[in-house]
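If you want the building blocks of each chain, they are given just below.
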Amino acid sequence: MVRQLGELENAIMTRVWQWNRPVTVREVLLDLRSEREIAYTTVMTVLDKLHRKGWLRRDRVGRAYRYEPVSSREAYTAALMNDAWATSDNPAAALVHFFGLMSPEQREALRDALRVAALFPPDPVGPDSAESGTDTGETGAGPAR
């Protein structure tokens with residue numbers, strides 16, 4: 001059931017991105033019914049869940065809501081991947097298994113992404129930095145007095 005819900009969320013988000021305009025529950029329902037039998041309340045519940053998760057914003061128009069995406073498909077995909085990775089007790093092993101499941105095209109896309117990421121390395125965190133957890137008695141505004 002959980003996998004089916006995730007698939008339904010993805011199917012709905014795909015439509016919202018493709019249509020690139022605010023959508024109603026009824027519009028999504030009618031389009032989904034071309035592929036499967038589904039209840040209005042199911043679509044309404046999933047759209048509400050995506051809204052509560054922060055992936056959709058909604059505005060009331062009369063008695064109905066119109067939903068639209070908050071961010072890109074790429075950001076959504078990255079968040080799903082991060083959530084899945086966070087469930088592992090051994091993230092390195094999970095990545096090794098994930099890489100083993102990738103197609104040659106996906107591995108090439110990963111290489112490309114790593115090259116792009118290398119162009120923008122994270123800001124270094126020095127030993128005197130507040131982020132390092134060391135209390136130096138200083139704030140970002142200058143030395144403490």
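Thresholds, definitions, all that
- Residues numbered from 1 in each chain as written.
- Predicted model: local features only at pLDDT ≥ 70, side-chain atom pairs only at ≥ 80, totals over all residues.
- Heavy atoms only, no water.
- Helix = DSSP H or I, 4+ residues; strand = E, 2+ residues; numbered from the N terminus.
- Buried < 20%, exposed > 50% of the residue type's maximum accessible area, 1.4 Å probe, protein only.
- Contact = heavy atoms within 4.5 Å.
- Areas by Shrake-Rupley, 256 points an atom, 1.4 Å probe, with all protein chains shown as cover.
- Axes fitted to C-alpha atoms, helices over the stretch in contact; angles between N-to-C directions.
- Parallel < 35°, antiparallel > 145°, perpendicular 65-115°, else oblique.
- Left-handed = near helix turned anticlockwise from the far one by under 90°.
- Nonpolar A, V, L, I, M, F, W, Y, C, P; charged D, E, K, R; others polar.
- Salt bridge = Lys/Arg side-chain N within 4 Å of Asp/Glu carboxyl O.
- pLDDT = per-residue confidence, 0-100.
- Core = buried A, V, L, I, M, F, W, Y, C linked by side-chain atoms within 4.5 Å.
- Phe/Tyr/Trp six-rings, centres within 6.5 Å; stacked < 30°, edge-to-face > 60°.
- Lys NZ or Arg CZ within 6 Å of the ring centre and 35° of its normal.

(A) The overall build of the protein, seen in detail. Helix and strand counts for the protein come out as 6 helices and 4 strands. Listing every helix and strand of the protein by position from the N terminus yields α-α-α-β-β-α-α-α-β-β. Counting every position in the protein, which comprises 145 residues, the buried fraction comes to 17%. Of all intrachain contacts in the protein linking residues separated by at least 6 positions in sequence, the fraction that spans at least 24 positions is 39%. Surface summary for the protein: the accessible area is close to 10,900 Å², and the carbon and sulfur share equals 57%.

(B) Structural context of the packing of helix α2 (residues 25-32) against helix α3 (residues 40-52). Relative to each other, α2 and α3 sit at 120°, their axes nearing to 9 Å. With respect to each other, α2 and α3 are oriented oblique. As for the relative orientation of α2 and α3, their crossing is right-handed in sense. Facing Val25, Arg26, Val28, Leu29 and Leu32 of α2, the residues of α3 in contact are Tyr40, Val43, Met44 and Leu47. For the contact of α2 with α3, the per-class residue count stands at 8 nonpolar, no polar and 1 charged.

(C) Spatial organisation of the pattern of salt bridges. If you walk through the whole model with that rule in mind, you get 11 salt bridges. Here Lys49 ties to Glu9 by a salt bridge, and the two come within 3.5 Å at their closest N and O atoms. Taken as a pair, Lys49 in helix α3 and Glu9 in helix α1 (residues 2-19) lie far apart in primary sequence, 40 residues in all. In this structure Lys49 comes out as partly exposed when scored by relative accessible area, which is 25%. Overall, the relative accessible area of 6% leaves Glu9 in the buried class. The salt bridge involving Arg115 is made with Glu108; its shortest N-O contact spans 3.3 Å.

(D) Layout of the side chain of Thr24. Within the fold, Thr24 resides in the loop between α1 and α2. Accessibility expressed as a relative area gives 14% for Thr24, which makes it buried. Setting aside residues no more than four positions away along its own chain, Thr24 makes contact with Tyr65 and Arg66.

(E) Fine view of the confidence of the model for the protein. The pLDDT averaged across the protein works out to 84; a share of 83% of its residues lies at or above 70. Within the model, pLDDT remains below 50 along residues 131-145, and this stretch shows 10 contacts once partners closer than five positions in the same chain are excluded.

(F) Fine view of the nonpolar core. In terms of nonpolar packing, the biggest core is built from 20 residues, with Ile12, Leu32, Val43, Leu47 and Leu50 touching the most fellow members. In this structure Leu47 touches Ile12, Val25, Val28, Leu56 and Tyr67, once residues within four positions along its chain are discounted.

(G) The packing of aromatic side chains, seen in detail. Inspection of every chain in the model, using the stated rule, returns 4 aromatic pairs. The interplanar angle of 65° and the centroid separation of 5.3 Å between the aromatic rings of Trp17 and Tyr76 together place this pair among those described as edge-to-face. Taken as a pair, Trp17 in helix α1 and Tyr76 in helix α4 (residues 73-86) lie far apart in primary sequence, 59 residues in all. A ring pair is formed by Phe98 and Phe99, whose centres lie 6.3 Å apart and whose planes are at 50°; its orientation type is tilted. Put simply, the rings of Trp17, Trp55 and Tyr76 touch in pairs and so form one group of aromatic residues. Sitting over the face of the ring of Tyr65, Arg58 holds its NZ or CZ atom 4.1 Å from the ring centroid. The positively charged end of Arg60 is found above the aromatic ring belonging to Tyr65, 4.5 Å away from the centroid.

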